[in-house]
Amino acid sequence: LKLAKKTGQVLVHAFDDREVIAGQGTVALELVEQLPDLDAVICSVGGGGLLSGISVVLKELRPKAKIYGTQAKGAASMVLSLKKGHPIALSKVETFADGIAVGTTRKTTFDILRKNVNRMLVADDESIAAAILTLVEKAKIVSEGAAAV
């Protein structure tokens, strides 16, 4: 806050901020409203803020709902962190799914996802590209890599 007072600037982290995570949890409110029988959510994970917010709300409203996270193989910091039992940082990130190309896991999202996620899945870039093509051909949806994961 000293820097903020001095410069007038404040950093609001994109995923390592409890208020941002709470705001992202409103996605789960919309999901439950639109799908009252919701029993599972699959969400791509970069830093984990979106899935953290969704998972906190879902665990409250639909405690039996399954929560799955997905990451690109070349940026699977959360997957590796959960396996190791603590947040880790990757030495490099290599994926064209740039919306989730995050190489660092932060404690806030790690702690939330460790408690709430049923399973994390990984997709390589070839599979992501195939999913993008399938979405275009079969569903007429244009998707970027992070959404296709």
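Note that the structure is a prediction, hence the values are computed from the model and not measured.

With that out of the way, let us pick up helix H4 (residues 49-61). Since the α-helix turns once every 3.6 residues, residues separated by three or four places project in the same direction. Taking 1.5 Å of rise per residue, 13 residues should cover 18 Å, and H4 covers 19 Å from first to last C-alpha, within 8% of that figure. Taken as a whole, H4 has its buried residues at Gly49, Leu51, Ser52, Gly53, Ile54, Ser55, Val57 and Leu58. Here the buried face of H4 lies against helix H2 (18-24), helix H3 (26-34), strand E1 (40-44), strand E2 (66-72) and helix H6 (107-116).

Ordered in space as E1-E2-E3, the three strands form an open sheet in which the pairing is parallel. Two strands close off the open sheet at either side, each with one partner strand: E1 and strand E3 (119-123). Averaged over all pairs of adjacent strands, the angle between strand axes in this sheet comes to 25 degrees, irrespective of strand direction. Relative to E3, E2 runs parallel, the two sharing five bridges. Bridging across to E3, Ala72 finds its partner in Ala123. Across the face of the sheet, helix H5 (residues 77-84) comes into contact with E2 and E3 while running at roughly 135 degrees to E3.

So, on to the nonpolar core. Counting residues in hydrophobic clusters, the biggest one holds 18 residues, and the most contacted among them are Leu51, Ile54, Leu58, Met78, Val117 and Met120. Those elements giving two or more residues to this core turn out to be H3, E1, H4, H5 and H6. Examining the composition of this core, we find that four residues originate from one element, H4, more than from any other. Setting aside chain neighbours within four positions, we find Ile54 in contact with Gln24, Gly25, Val27, Ala28, Val41 and Cys43. Judged by nonpolar contacts, the second largest core, of nine residues, contains Ala97, Ile100, Ala123 and Ala146.

For the coordinates displayed, the defined rule picks out four salt bridges. One salt bridge in this structure joins Lys92 and Glu94, with 2.7 Å as the shortest N-O distance. Here Asp111 and Lys107 are joined by a salt bridge, their closest N and O atoms 2.6 Å apart. In this pair, Asp111 and Lys107 are both assigned in helix H6, four residues apart and thus about one turn of the helix distant.

Quick look at the side chain of Ser81 now. Positionally, Ser81 belongs in helix H5. At 2.7 Å, the side chain of Ser81 and the backbone oxygen of Ser77 are in polar contact. At a separation of 3.1 Å, a polar atom in the side chain of Ser81 contacts the side chain of Thr105. Other than its neighbours up to four places away in sequence, Ser81 contacts His86, Pro87, Ile88, Thr105 and Phe110.

What counts and what doesn't
Residues numbered from 1 in each chain as written. Predicted model: local features only at pLDDT ≥ 70, side-chain atom pairs only at ≥ 80, totals over all residues. Heavy atoms only, no water. Helix = DSSP H or I, 4+ residues; strand = E, 2+ residues; numbered from the N terminus. Expected span 1.5 Å × (residues − 1). Buried < 20%, exposed > 50% of the residue type's maximum accessible area, 1.4 Å probe, protein only. Contact = heavy atoms within 4.5 Å. Pairing = 2+ DSSP bridges. Axes fitted to C-alpha atoms, helices over the stretch in contact; angles between N-to-C directions. Core = buried A, V, L, I, M, F, W, Y, C linked by side-chain atoms within 4.5 Å. Salt bridge = Lys/Arg side-chain N within 4 Å of Asp/Glu carboxyl O. Polar contact = N/O pair within 3.5 Å; in protein donor to acceptor, adjacent residues only side chain to side chain.

Such coordinate-based values are descriptive only and should not be taken to indicate function.
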